[in-house]
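Survey of secondary and tertiary structure
Residue strings, one per chain:
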Amino acid sequence: MIRNRLFPLLLLSAILAGMLAAPMAARGADAISLFRCGFEEDWDVNFDGWPDRWNRERGPNYPRYVRIEIVSDPADKTNHCLRIGLDGGGGALSSPEIEMSAGYSYLLEGSIKTEKLKNDAAFLTLSFYDEKHALLETLSTSRLVTAPDWTKVRIGPFTPRRRNSRYAVIGLHLEPPPGGSRLEGSPGPDWKGAALFDDLSLSRLPQMLLQSNSASHVYADGVAPEFTCRVTGFPNQAPTMRFELHGLRDELLQQEDLQLIADENELGDRGPNSKANETSGFHGAITWKPKIKETGFYRVRVQIANQTSNLYERSTTLIVLPPGNRPTAGEFGWSLPDGDEPLPLVPLAELLGQAGVHYVKFPVWSAGRNQARADRLVWFTERLNFQGIQLIGLLLEPPPDAEGTNLAKPSATADANGGAAALAPETASPVAAGGETSAAETVAAESAQEGTSGAKVRPKRKAPGAAANLAVDSPLSVPLSAATVFADDPQSWYPSLEPVLTRLSLKVRMWQLGRDQDTSFVGYPDLPKKILALKHQLQRFNQELHIGFGWRYLNEVPEATPAPWSFLSLSANPPLTADELQVYLPRERKGPVKHWVVLEPLSRQEYSLEARVQDLIQRMLAAKIQNADGVFNPQPFSDDRGLMNADGTPGELFLPWRTMALALGGAEYLGTLELPERSPNQVFSRNGETIMVVWNDRPTQETLYLGENVHLMDPFGRSVQPALDGEQQIIPVGPLPTIVTGLSEPIARWRLSFAFASRQMPSVIGKPLSNPFSFQNFFPQGISGTVKLNLPEGWRTTLDRQSLKAASGEKVTLPLEVALPFDAASGHQKIRIDFDISAGRPYQFSIYHALDIGQGDVDIEVHSRLNEKGELEVEQQLTNRTDQAVSFKCQLFIPDRRRMVSQVVEQDRGRDTKVYRLQDGRELLGKTLWLRAEEIGGQRVLNYRFPAEE
């Protein structure tokens, strides 16, 4: 249908009235409202229920039948708002273009209310375009699922990163959670429910910038951080700025007040329209050099001193890197589907060299018709190779043709009655730089001139009534899948790819079809034949070309011998946990196909920093233990799940990733040590350097000798020497993993090799039981010395101390016979084995092991608690796991009281529960009780000592 055009003058005046509304006091006296929309009558002049000049998004994710209209607020019939009502798909629309000026900051505010949503979320976006209407960047509010009352959301105050931003577009979205299949356990889209939007306002504020002397804000090699606060158009003269330095947990570390220095020459970027871009008021800047003595993650905040409003507050992050030797080889990598966004290639190459990665996936197709872009990519690839980083070419979508149209996509047509057809986003195709410059000169110029290389060429669409053809994309549209792109006739995509292969085929050996989490080839008919044909097409310039694509853990890979693909990028939605990785990623694999793990961190919005760090490290460990050939972060630049922030500054997870990548890259997994307090741990070794990653749900200390040069490092790279108890190191352990470096590799491998012939011993009293033990000498020379066994109290043996000799690499087995005493405790019993040896010099170290008393066929669990009568209830659960009935006489020994007796008679396979009730139970709290169960007609005796607990 054609939009009603009967009231053009009235429509124009209504829009102008909304855009030129007076400043709102709530946003500060300096705020000027550029755009306001409350969806009242002035936004629906022709009374068709659609907001005038707004554009509706179309496409697979935005079906036409989803109802979007102006309605009355259910809670206030006098108020109108916009409602998106679900009907099995999402909905989105975008505002008219809003002119903006350089030299200012901007604030978007709005209100959202939801109805009966479970998975879908409502949110606002703010997109910036240049004067040619090319999209520069998009920001988003938080995603609201449950908001039964009007909830305020905002973006900013925000200064566009690109000084050539000339237009802004507001987007309203109601969309399902990103990606995934319900077969994989991810939530599906909502079929019913709605979101309401109201009180939209875009305001202009005096500009305030906080800039650093590092593009990525990552500092290494003693470079001192500097931060410059620059203001434009402030009404006050020379305001005083307060700089603050905060630590990882936002603790204030430094504070300093500095007065801005006026800059009479700084009048802002007037651009082509000097009147629109002129800014008046105070212009000035001041530079602050924080005094940072320790490595780690920090935040810098700056605001006008003694002002409570946060409109004039800016903050950023930085990292001071700890020293660290980068391994020559490793499995860890970053996938950069957005290419050199948000960082240009020069600082990006420098950052990658600091991130602990050895692989980088990077989109290269955009260089197909752009010689300057191809030169920059060649320089980038060579720079990465020089740093020991291998570039993997990402083949995402063909670049636009000379007219800006992507031939692999359907064309878009305007819908004048309620919006326009959606256009899927294009892969970035930077505007070519002119001149005959070298690749390095081109890259340097690209870094120096912000905004030049990032302009995107996008197909345009008409917005009804608009003064210009705006390239309005849905920022969150789903890109074309790899299976869709390569399903077409090669002539629709190969001509634009051929120049890329020509330039890069000798430098890039591996090529990935689609993004890491693009699993569109799952279920593809006759997949081996299709991939083989693609491989033949692509390797015309390189006989050693290797290709791969995304795959789901839960799907079987089609059999093909030999497989035409060289690697699979494995993912799941939701992502697999560390435990699940060890199930779905087999350690031993058949065939040469490499398995690359996609490792996406937890959401910042949903989890604490500690939980995110723990989960990231545990999954990195699991991937290493399971021999993953590659471990890739699929989107490092993300405010929610990234290692870096979306603006290119470091996030809290950058250092934990880097710390573990440097520690584990190229290392061999050795196993798990038994520690005195049983803290979970994993041990790795690389070129004679051995490390242990250790943690514990409850804070504790592990005390043992590990080596001569032991250091402790937290996930953020801070390193200290441990305290000593004699020659033993004291290792504080808690929920956040600790990396222990400098372990003696021979001693670590000796400990890992130690084993008793049987970990379980029968609970037979007084009868000698044989259980020899063995270990291997991993010292490079022969050893001699003694071994002493420290057994639980009452255990009797004549072999507690023995002499030993062993050649290098020799495995030693020594005898052991023990007899258990009358009151020998059942279950897990700790044993310490002390070695005093000579191996070139004296060594004394202990191994901590455990034996389970009882065959595991019959066991008892005991729990205690105070009941409401003040009695101590002791619950005894006896479990019989055999097919033979058992009988036990059970006695509970209580300090200073009479024992209590019960019997378990002819208990078949299963569980028997008995409860003892002790009066005045509080008197017993903290005291040790003893439960003894003697088998009637058998030899088994089970003893359990336990503290009385509330």
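Now for a description of the structure that goes with this document. (Residues numbered from 1 in each chain as written. Predicted model: local features only at pLDDT ≥ 70, side-chain atom pairs only at ≥ 80, totals over all residues. Heavy atoms only, no water.)

**Observations concerning the overall build of the protein**
- A count of helices and strands for the protein gives twelve helices and 56 strands.
- Looking at the 950 residues of the protein, the share that counts as buried comes to 56%.
- About 41600 Å² of surface is accessible on the protein, with carbon and sulfur atoms providing 49% of the total. (Helix = DSSP H or I, 4+ residues; strand = E, 2+ residues; numbered from the N terminus. Buried < 20%, exposed > 50% of the residue type's maximum accessible area, 1.4 Å probe, protein only. Areas by Shrake-Rupley, 256 points an atom, 1.4 Å probe, with all protein chains shown as cover.)

**A closer look at the pairing of strand β30 (residues 630–633)**
- Residue alternation in β30 divides its side chains into two sets, G630 and F632 and V631 and N633, and both sets are buried.
- One ladder, built from three bridges, connects strand β21 (residues 332–335) with β30; its direction is parallel. Across the sheet, the residue bridging to G333 is F632, located in β30.
- Judged from the three bridges that link them, strand β29 (residues 594–598) and β30 form a sheet pairing that is parallel. For W596, the partnering residue across the bridge sits in β30 and is G630. (Pairing = 2+ DSSP bridges.)

**Examining a nonpolar patch on the surface**
- A grouping of L554, V583 and Y584 is seen on the molecular surface, where their side chains present a nonpolar patch of about 290 Å² in accessible area.
- Within the secondary structure, L554 sits in the loop between β27 (546–552) and β28 (567–571). (Patch = residues over 30% accessible without salt bridge, like charges linked within 9 Å, V, L, I, M, F, W, Y side chains within 5 Å. Salt bridge = Lys/Arg side-chain N within 4 Å of Asp/Glu carboxyl O.)

**Quick look at the sheet that holds strand β40 (residues 755–756)**
- Read from one edge of the open sheet, three strands run β40-β43-β46, paired in antiparallel fashion. Only two strands of the sheet have a single neighbouring strand rather than two, namely β40 and β46 (811–814).
- Where β40 lies against strand β43 (residues 773–776), two bridges are found, and the strand directions are antiparallel. Bridge assignment links A755 to a residue of β43, and that residue is S774.
- In this fold helix α12 (residues 745–753) packs onto β40 and β43, with an angle of close to 150° to the strand it touches most, β43. (Contact = heavy atoms within 4.5 Å. Axes fitted to C-alpha atoms, helices over the stretch in contact; angles between N-to-C directions.)

**Here's the deal with the nonpolar core**
- Of all hydrophobic cores here, the largest spans 97 residues; its most connected members are W334, L352, F380 and W511.
- It is helix α10 (residues 609–625) that provides the largest number of residues to this core, a total of nine residues.
- Listed in part, the 39 residues of the second largest apolar core include L34, I68, L108 and L139. (Core = buried A, V, L, I, M, F, W, Y, C linked by side-chain atoms within 4.5 Å.)

**Here we look at the sheet that holds strand β51 (residues 872–880)**
- Taken in spatial order, the three strands of this open sheet run β50-β51-β54, and their pairing is antiparallel. On the outer flanks of this sheet lie β50 (858–866) and β54 (910–918), each paired with one strand and no other. Across the sheet, the mean angle from the axis of one strand to that of its neighbour is 15°, orientation sign disregarded.
- Sheet topology places β50 next to β51; nine bridges connect them, and they run antiparallel. When the sheet's bridge partners are listed, H863 is paired in β51 with E875.

**A word on the side chain of T317**
- The topology assignment puts T317 in strand β20 (residues 313–320).
- Judged by relative accessible area, T317 falls into the buried class, the value being 4%.
- At 2.6 Å, the side chain of T317 forms a polar contact with the backbone oxygen of P650.
- Beyond its immediate sequence surroundings of up to four residues, T317 is in contact with H217, F297, Y298, R299, N645, T649 and P650. (Polar contact = N/O pair within 3.5 Å; in protein donor to acceptor, adjacent residues only side chain to side chain.)

**Observations concerning the packing of helix α3 (residues 345–354) against helix α4 (residues 371–386)**
- With their axes 10 Å apart at the nearest point, α3 and α4 run at an angle of 20° to one another. The orientation of α3 with respect to α4, classified from their angle, is roughly parallel. The way α3 lies across α4 gives a crossing that is right-handed. Touching L345, V346, L348, A349 and L352 of α3 are R373, R376, W379, F380, R383 and L384, all from α4.
- Residues that form the contact of α3 with α4 fall into these classes: eight nonpolar, no polar and three charged. (Parallel < 35°, antiparallel > 145°, perpendicular 65-115°, else oblique. Left-handed = near helix turned anticlockwise from the far one by under 90°. Nonpolar A, V, L, I, M, F, W, Y, C, P; charged D, E, K, R; others polar.)

**So, the packing of aromatic side chains**
- All told, the structure shown has 33 aromatic pairs when counted by the stated rule.
- The interplanar angle of 45° and the centroid separation of 4.9 Å between the aromatic rings of F779 and Y843 together place this pair among those described as tilted. Here the residue F779 occupies a position in the loop between β43 and β44 (783–790), and Y843 occupies one in strand β49 (residues 842–853), the gap between them amounting to 64 residues. The pair F779 / Y843 is uniform in exposure class, with both members buried.
- Within the aromatic cluster, the residues linked to one another by ring pairs are W750, F775, F779, F835, Y843 and F845. (Phe/Tyr/Trp six-rings, centres within 6.5 Å; stacked < 30°, edge-to-face > 60°.)

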